[in-house]
Amino acid sequence: MDKYINLIKLSVGSESFESLAAWQSTKRAQTTDGYPRHVTRMWPKREKEILNGGSIFWVVKGVLTCRQRIIRLDEVIGSDGIRRCAIVSDPELIRVQSALKRPFQGWRYLKPEDTPPDLPKGREREDPLPVELNRALAEIGVL
């Protein structure tokens, strides 16, 4: 199988790329082996495609901001006895070209052809555009 699929997810509570990175560095947001994870109620039906090179793309404050390569999906049983899915990812957050995204619940599949490109090497350390300017440029199709 050479096909893969990505996931896209809102980073609820994050104010910026930096706050997402800070959250993922906490023990509460990590697996016992130190990888960042996000626990979700639904288990992806396209697990094999996700694990064949997929990434999770993060939307922060309505803007698609970065991605992380997905390493594995772990089963987590909550205190309520319900089976959940922990999306375990590589610790490296890779900035991508910004894109506006409307709010949605849960996660969605994101086809490789619909994903924004990674920022070129050297540009990932640039200060991001202010959210309002980024949004305005995206709305007129510049970003």
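As shown above, the structure is provided for reference.
Attention in this report is confined to the structure presented alongside it. Since the model is a prediction, treat every value here as computed from it, not as a measurement. (Residues numbered from 1 in each chain as written. Predicted model: local features only at pLDDT ≥ 70, side-chain atom pairs only at ≥ 80, totals over all residues. Heavy atoms only, no water.)

1. Brief notes about the nonpolar core
Turning to step 1, where the next piece is worked out: Counting residues in hydrophobic clusters, the biggest one holds 14 residues, and the most contacted among them are Leu 7, Ile 56, Trp 58, Cys 66, Ile 70, Ile 87 and Leu 93.
Turning to step 2, where the next piece is worked out: If you list the elements that add at least two residues to this core, you get helix H1 (17-24), strand S3 (55-60), strand S4 (63-77) and strand S5 (83-89).
Turning to step 3, where the next piece is worked out: The element contributing the most residues to this core is S4, with three residues.
Turning to step 4, where the next piece is worked out: Among residues more than four places away in sequence, those in contact with Ile 70 are Leu 7, Ile 50, Leu 51, Gly 54, Ser 55, Ile 56, Ile 87, Val 88 and Ser 89. (Core = buried A, V, L, I, M, F, W, Y, C linked by side-chain atoms within 4.5 Å. Buried < 20%, exposed > 50% of the residue type's maximum accessible area, 1.4 Å probe, protein only. Helix = DSSP H or I, 4+ residues; strand = E, 2+ residues; numbered from the N terminus. Contact = heavy atoms within 4.5 Å.)

2. Regarding the packing of aromatic side chains
Turning to step 1, where the next piece is worked out: If you walk through the whole model with that rule in mind, you get one aromatic pair.
Turning to step 2, where the next piece is worked out: Taken together, a centroid distance of 5.1 Å and an interplanar angle of 75° make the contact between Trp 107 and Tyr 109 edge-to-face.
Turning to step 3, where the next piece is worked out: Judged by relative accessible area, Trp 107 falls into the buried class, the value being 13%.
Turning to step 4, where the next piece is worked out: Tyr 109 sits in the partly exposed class, given a relative accessible area of 29%. (Phe/Tyr/Trp six-rings, centres within 6.5 Å; stacked < 30°, edge-to-face > 60°.)

3. Overview of the side chain of Ser 89
Turning to step 1, where the next piece is worked out: Summarising the element assignment, Ser 89 is placed in strand S5.
Turning to step 2, where the next piece is worked out: A relative accessible area of 3% means that Ser 89 is categorised as buried.
Turning to step 3, where the next piece is worked out: Apart from residues lying up to four places away in sequence, Ser 89 is in contact with Tyr 35, Pro 36, Ile 56, Gln 68, Arg 69, Ile 70 and Ile 71.

4. So, H1
Turning to step 1, where the next piece is worked out: Every buried residue of H1 is listed here: Phe 17, Leu 20 and Gln 24. Each buried residue of H1 lies within a common arc of 65° when the element is viewed along its axis, so the set occupies one face.
Turning to step 2, where the next piece is worked out: Buried residues along H1 sit against S3, S4 and strand S6 (94-100). (Arc of directions from axis to C-beta.)

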